[in-house]
Amino acid sequence: SDIILLDDSFSTIVRAVEWGRGIFENFLRFIQFQLTVNVSSVIVVLSSILAGFASPFSALELLWINLIMDGPPALTLGLEPMRGNLMQRKPTPRNQPIVTRPMLMRIVINGIFIAGVLLAQNFTNFLGGATPEECSSILFALFVVFQLFNAFNSRELGNESIFKNIFHNKLMFLVFAVTFALQIVITQFGGAIFGIVPLSAAMWGKIILCGFSVIVLGELVRLVRRLLQRNA
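Residues numbered from 1 in each chain as written. Predicted model: local features only at pLDDT ≥ 70, side-chain atom pairs only at ≥ 80, totals over all residues. Heavy atoms only, no water.

Asks: Quick question: what am I supposed to make of the nonpolar core here?
Replies: Generally speaking, nonpolar side chains in soluble globular proteins are found buried as a group. Counting residues in each nonpolar core, the largest one holds 44 residues, and the members touching the most others are Met69, Phe140, Leu142 and Ile207. Every element with two or more residues in this core is listed here: helix H1 (10–50), helix H2 (59–69), helix H3 (72–77), helix H4 (101–124), helix H5 (132–153), helix H6 (170–189) and helix H8 (201–231). With 13 residues, the single largest contributor to this core is H5. Leaving out residues up to four positions away in the same chain, Ile207 has contacts with Leu127, Ile138, Ala141, Leu142, Val145 and Leu199. (Core = buried A, V, L, I, M, F, W, Y, C linked by side-chain atoms within 4.5 Å. Buried < 20%, exposed > 50% of the residue type's maximum accessible area, 1.4 Å probe, protein only. Helix = DSSP H or I, 4+ residues; strand = E, 2+ residues; numbered from the N terminus. Contact = heavy atoms within 4.5 Å.)

What follows is the structure in structure tokens.
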């Protein structure tokens, strides 16, 4: 047989289906986050090189970005608590692709937005870096902060606001704080290794506000989709 039921209690079967759906959704959150990181980084690096600029990130910076983005924030998405309405949804068709159309839309929109802001900083220096070294440090920190905020965006696979279940995964806040603190330590004290310079408190404030904009964008997209669904 394809399936052997060791416990044929109906409640156990329902619970098993619920856990299966929850694990699958967390897998989709992980994929959504990782693809957004990759899309934005590829666009930034390729666009900068094609425009005649030097690569915005050094090899060591890219290694650090991959290390932290593949690590705590991504793994925390895999521990997202199950939503209460899991069993009210229709079963996932067997032929449904892993990356659905709504997921692809979120990946493309967020990835292009993050890349666009980073390219604008790289080309125009709108945050006001005083030296080329400081501009490089700003790009490095801004990319990491963008992705940390985007991890909160990736917690939602539907059109609900991220703030509805914002406190359901308290581990995410701890991971955000620890990773952000590590980024500050590296930026402020890792200049000899990473070839960057410390940033002022005011500049960190600008970076945080700029990084938070990806959450504002995500909320606007979800709001528009909710309004369109309601009208339909």
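Further notes follow.
Asks: How do you make sense of the environment of Phe24 when you look at a structure like this?
Replies: Within the element layout of this structure, Phe24 appears in helix H1. Judged by its relative accessible area of 28%, Phe24 falls in the partly exposed class. Along the backbone, Phe24 and Thr92 are 68 residues apart, and their C-alpha atoms lie at a distance of 9.9 Å. Residue contacts for Phe24: discarding those within four places in its chain leaves Thr92 and Ile98.

Asks: Hey, could you run me through the packing of aromatic side chains in this one?
Replies: Here the structure, examined in full by the defined rule, presents 11 aromatic pairs. An aromatic cluster is built from Phe149, Phe152, Phe167, Phe173, Phe176, Phe180, Trp204 and Phe212, whose rings are joined through pairwise contacts. (Phe/Tyr/Trp six-rings, centres within 6.5 Å; stacked < 30°, edge-to-face > 60°.)

Asks: Sorry if this is basic, but what is going on with a nonpolar patch on the surface here?
Replies: There is a patch of nonpolar side chains on the surface, built from Phe27, Leu35, Ile98, Val99, Leu104, Val108 and Ile112 and spanning about 540 Å² of accessible area. Where the nonpolar patch is concerned, the elements lending two or more residues are H1 and H4. Looking at which element gives the most residues to the nonpolar patch, the answer is H4, with 3 residues. Relative to the elements of secondary structure, Leu35 occurs in helix H1. (Patch = residues over 30% accessible without salt bridge, like charges linked within 9 Å, V, L, I, M, F, W, Y side chains within 5 Å. Areas by Shrake-Rupley, 256 points an atom, 1.4 Å probe, with all protein chains shown as cover. Salt bridge = Lys/Arg side-chain N within 4 Å of Asp/Glu carboxyl O.)

Asks: What is the right way to read the pattern of salt bridges from this model?
Replies: Any two side chains of opposite charge can pair, on the condition that their charged atoms come close. Evaluation of the coordinates by the stated rule reveals 8 salt bridges. Of the charged contacts in the structure, one is a salt bridge between Glu80 and Arg83, with a shortest N-O distance of 3.0 Å. Exposure remark for Arg83: the relative accessible area of 5% places this residue in the buried category. Of the charged contacts in the structure, one is a salt bridge between Arg83 and Glu156, with a shortest N-O distance of 3.1 Å. Of this pair, Arg83 sits in the loop between H3 and H4 while Glu156 is found in the loop between H5 and H6, placing the two residues 73 residues apart along the sequence. Neither residue differs from the other here; Arg83 and Glu156 are each classed as buried. Members of the salt-bridge network, linked through shared partners, are Glu80, Arg83, Arg155 and Glu156.

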